[in-house]
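Next come the chains, spelled out residue by residue.
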Amino acid sequence: MKQLTIKKGEILQRSGDTNSKVYYVISGLLRSYTIDDKGKEHIFMFAPENWIVADSLPKEEPCDLYIDAIEDSIIHVLPKDLKREQQNAEAFIKRLAVLQKRVVMLMSASAIERYEHFEKTYPNIVQRVTQKMIASYLGITPQALSNIKRERFK
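Fair warning: this is a prediction, and the values are worked out from it, not measured in the lab.

Caption draft 1: Geometry of the sheet that holds strand 7 (residues 66-69). Read across the open sheet, the four strands follow the order 2-7-4-5; overall the sheet is antiparallel. With partners counted over all chains shown, the strands left at the sheet margins are strand 2 (11-13) and strand 5 (41-47), one partner each. When strand polarity is set aside, the average angle formed by the axes of neighbouring strands in this sheet is 30 degrees. Pairing of strand 4 (residues 30-35) with strand 5, which is carried by six bridges, proceeds in the antiparallel orientation.

Right under this line is the structure:
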């Protein structure tokens, strides 16, 4: 297991990279995201302290996601290893549960419900990321996010 200190904005993985890694966050904050044909970022997930982030494709396939640091971070870098993932079932199951809930919410929940779920899932990062990033994660515009927050505080 290799420990790295990375700076805010540093890219750990780009879409198309092969043999991607698993990143365990000791301190700081990472995100995974994709960029569409128009250059717009779509955040897949955030990884605060004690979370893991990785592209879920097999290590021999080109990955879909970019992974970068939102804050200066200290991370453990691990090779993809299905046996290890199975042994660390608790973290793996937590990650799968969060992603499953997110997909279901994107399909069926209102924007305000998605925002409330974001606050519950990531209670310690709401003040650490930009409104643009939160809107990207929720699949809404920053203006729609402003409207949601304004309505909640009335």
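Having seen it, we continue.
Caption draft 2: Region of the structure containing the packing of aromatic side chains. Per the counting criterion, the structure on display carries nine aromatic pairs. Arranged with centres 5.3 Å apart and planes meeting at 10 degrees, the rings of Y33 and Y66 form a pair that is stacked. Here Y66 lies in strand 7 and Y33 lies in strand 4, a separation of 33 residues in the sequence. Residue classification places Y33 among the buried positions, given a relative accessible area of 4%. With a centroid separation of 5.6 Å and 50 degrees between ring planes, the pair formed by F118 and Y122 is classed as tilted. Here F118 falls in the buried class, since its relative accessible area comes to 0%. With relative accessibility at 2%, the residue Y122 sits in the buried group.

Calculation notes
Residue positions within a chain follow its written sequence, with the count starting from 1. Two thresholds apply to this predicted model, a pLDDT of at least 70 for residue-level local features and 80 or more for giving and counting side-chain atom pairs, whereas whole-chain, interface and lining totals are computed over all residues. By convention in this description, side-chain values take in all heavy atoms of the structure and omit both hydrogens and water. Only strands that DSSP links by at least two bridges are regarded as paired with each other. A run of H or I in DSSP counts as a helix once it spans at least four residues, and a run of E counts as a strand once it spans at least two, with each numbered from the N terminus. Fitting a line to C-alpha atoms yields each axis, with helices limited to the stretch in contact; the angle taken between N-to-C directions then spans 0 to 180 degrees. Note on aromatic pairs: the rings of Phe, Tyr and Trp (six-membered ring only in Trp) are paired at centre separations within 6.5 Å, and the planes decide the class, stacked below 30 degrees, edge-to-face beyond 60, tilted for the rest. Buried residues are those whose accessible area, probed at 1.4 Å on protein chains only, stays under 20% of the maximum for their type, while exposed residues exceed 50% and partly exposed ones sit between those limits.

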